[in-house]
Amino acid sequence: MSQTNPWELYDQLIAGVPEGITVTDYCLGTNWSYMTAVRDGQVFCGVAYTASGGAKRTIKANMRGWDLRDVAQLAKSWCFEEASLGIAALNAWYNRAELLTPLGMEYDEPVELPDGSFKKLDAFDSFAPEIAAKGDARVTVVGHFPRIERVGEYSQLTVLERSCRDALDTPDPACEYVLPSTDYAFITGVTFINKTATRLLELCRAANAKTVLVGPSVVMSEKVFDWGVTSLSGSIVKDPEEVAFCCKNGAGKLFGKGLVTVSVNMPK
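This is a predicted model, so every value here is computed, not measured.

Enquirer: Explain the environment of Val 224 to me, please; I cannot follow it from the model alone.
Expert: Tracing the chain through its elements places Val 224 in the loop between strand E11 (210-214) and strand E12 (231-237). Each C-alpha atom, one on Val 224 and one on Ser 77, is 19 Å from the other, the two residues being 147 residues apart in sequence. Sequence-distant contacts of Val 224, defined by excluding residues within four places in its chain, comprise Leu 9, Leu 213, Val 219, Val 229 and Leu 232.

Structural data, given as structure tokens:
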């Protein structure tokens, strides 16, 4: 782990994807993107948030038939749409039960709520008792997650958001001022797409903060723990067909049916 090469983590993750896995389908959806690949009859499927902005898109070729590792290289693209597909490719390899179970993966069987949504394993709720017990702990959340205001009921909460949506949000360049004194940091996996992740992790390490990566875009690899991350709270694909439908149509039940939320903690 190097503080002088911000690409090191990306390069480690890309190098960990074996060659010989062939992309069979993908979609750069309005809200979510997915990548499906096959090797010897085994299906690999990964999801990432579809981020917009950055450089202009230059890779417009049909990537079906490409090697999954080659697509994963797009995680380093400054076009955030391309990077979304690159992270989805990384997740197709890393975010699998067979790799994560030996690391102590925890997950809840999804429970459908009366409104048709699904109860998900929530990193914020998981850490709430620990944070509340400390009394007045400083918590920084990168990304405006649903119902995030509840974290402010038991902590000093700062929400860093690139597109501020209400009075709770602070513009994300404030990370340089806020993270050096934070006790807990919850960081959206989208930061791997927009390339802010390595700097955010560096700031969190310097603060000796407990750091949790959150969301379906999180690459669930033990390699990330070397960068000071305490816990990974991401997802694995349960139903590739439902994932494809949801990403292509902006409908269906991505969470609970298509994806299962899982967490892995840093080995002690």
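Enquirer: Even after reading the chapter, I still don't get helix H5 (residues 123-134), so can you show me in this structure?
Expert: Along an α-helix, residues three or four apart share an orientation, since each turn contains 3.6 residues. With twelve residues, H5 should cover 16 Å at 1.5 Å per step; its first-to-last C-alpha distance of 17 Å lies within 8% of that length. What H5 keeps buried is the set Ala 123, Phe 124, Phe 127, Ala 128 and Ile 131. End-on, the buried residues of H5 take up no more than an arc of 145°, which puts them together on one face. Set apart from the buried face of H5 by more than 90 degrees, the exposed residues are Pro 129 and Ala 133. Just downstream of H5, Gly 135 is the residue with a positive phi angle, here 70°.

Enquirer: What should I look at first to understand the pairing of strand E8 (residues 156-161) in this one?
Expert: Where a strand is regular, its side chains alternate between the two sheet faces. In this structure, strand E7 (residues 138-142) lies alongside E8, joined through five bridges in parallel fashion. Opposite Thr 140, over in E8, you have Thr 158 as the bridge partner. Note that E8 and strand E9 (residues 169-171) share three bridges and pair parallel. Residue pairing in the sheet places Leu 160 in a bridge with Thr 170 of E9.

Basis of the calculations
Residues numbered from 1 in each chain as written. Predicted model: local features only at pLDDT ≥ 70, side-chain atom pairs only at ≥ 80, totals over all residues. Heavy atoms only, no water. Helix = DSSP H or I, 4+ residues; strand = E, 2+ residues; numbered from the N terminus. Contact = heavy atoms within 4.5 Å. Expected span 1.5 Å × (residues − 1). Buried < 20%, exposed > 50% of the residue type's maximum accessible area, 1.4 Å probe, protein only. Arc of directions from axis to C-beta. Pairing = 2+ DSSP bridges.

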